[in-house]
Amino acid sequence: DNWLWTREGLMSLDPSGSMGVSVHVSDSPALDFVNKNFKYSKMSFLDMIKATDQENLYLRCLGQDPRKEPADLNKSFPALGEAFKMPQVVDDENVFSTVLRVASNDLMLWTHYDIMDNLLIQMTGKKRVLLFPPECR
């Protein structure tokens, strides 16, 4: 199952290139939410994975209707959902959403805060995270 979390494994989830996703695309590796230095582009999941080493791309996979339902890895990517095992620090009934995020190497996301508690699991590559105490909102 660990093979699924590789570049080749992710590409195998959409072998025909028919699974569409909406991706942030930017000329800069530093995405800026305030100045919107990115555009949204629809492409196949397969093409997005292939292009992550050539372009500045960021995918935040949402639910089918983002305004009404949370992201669910099991629904969007059943093979990944089956291969992913939530760490025992979280009870399944307390999980609000499971969001798949895929980014190009060295991509930087804008500073933000999340309202819900988060558990970040980095499957491959590296990620630098800067945390602020809650009173810094």
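Structure shown above.
Note that this is a predicted model, so its numbers are computed, not measured.

**Some words on the pattern of salt bridges**
Stage number 1. Under the criterion given, the structure shown has two salt bridges.
Stage number 2. The partner of Arg-7 in a salt bridge is Asp-53, with the nearest N and O atoms 3.4 Å apart. Taken together, the residues span a long stretch of sequence, with Arg-7 in helix α1 (residues 7–11) and Asp-53 in the loop between α2 (45–51) and β3 (56–60) at a distance of 46 residues.
Stage number 3. What makes Arg-7 partly exposed here is its relative accessible area of 30%.
Stage number 4. The residue Lys-75 makes a salt bridge to Glu-69 at a minimum N-O spacing of 3.9 Å.
Stage number 5. Taking relative accessible area as the criterion, Lys-75 reaches 58% and is therefore assigned exposed.
Stage number 6. Since its relative accessible area comes to 25%, Glu-69 is described here as partly exposed.

**Re the environment of Thr-52**
Stage number 1. Its location among the elements puts Thr-52 in the loop between α2 and β3.
Stage number 2. Among the polar contacts listed, one links the side chain of Thr-52 to the backbone oxygen of Ile-49, at a separation of 2.9 Å.

**Quick look at the sheet that holds β3**
Stage number 1. With respect to topology, four strands assemble into an open sheet ordered β2-β1-β3-β4, the strand pairing being antiparallel. The open sheet has two edge strands with one neighbour each: β2 (38–44) and β4 (101–103). On average, each strand axis in the sheet is tilted by 25° relative to the strand beside it, whichever way the strands run.
Stage number 2. Bridge count for strand β1 (residues 20–26) against β2 is seven bridges, and the pairing is antiparallel. Bridging from a neighbouring strand, Ser-26 pairs with Phe-38 of β2.

**Describing unusual backbone geometry**
Stage number 1. Residue Lys-36 is not a glycine yet carries a positive backbone phi of 50°.
Stage number 2. Position of Lys-36 among the secondary structure elements: in the loop between β1 and β2.
Stage number 3. Judged by its relative accessible area of 43%, Lys-36 is partly exposed.
Stage number 4. With phi around 65°, Asp-106 is a residue other than glycine that occupies positive phi space.

**Re the side chain of Ser-26**
Stage number 1. Mapped onto the elements, Ser-26 comes out in strand β1.
Stage number 2. The exposure class of Ser-26 is buried, given its relative accessible area of 8%.
Stage number 3. At 3.0 Å, the side chain of Ser-26 forms a polar contact with the backbone nitrogen of Ser-28.
Stage number 4. Setting aside residues up to four positions removed in sequence, Ser-26 forms contacts with Leu-31, Asn-37, Phe-38 and Asn-56.

What counts and what doesn't
- Residues numbered from 1 in each chain as written.
- Predicted model: local features only at pLDDT ≥ 70, side-chain atom pairs only at ≥ 80, totals over all residues.
- Heavy atoms only, no water.
- Salt bridge = Lys/Arg side-chain N within 4 Å of Asp/Glu carboxyl O.
- Helix = DSSP H or I, 4+ residues; strand = E, 2+ residues; numbered from the N terminus.
- Buried < 20%, exposed > 50% of the residue type's maximum accessible area, 1.4 Å probe, protein only.
- Polar contact = N/O pair within 3.5 Å; in protein donor to acceptor, adjacent residues only side chain to side chain.
- Pairing = 2+ DSSP bridges.
- Axes fitted to C-alpha atoms, helices over the stretch in contact; angles between N-to-C directions.
- Contact = heavy atoms within 4.5 Å.

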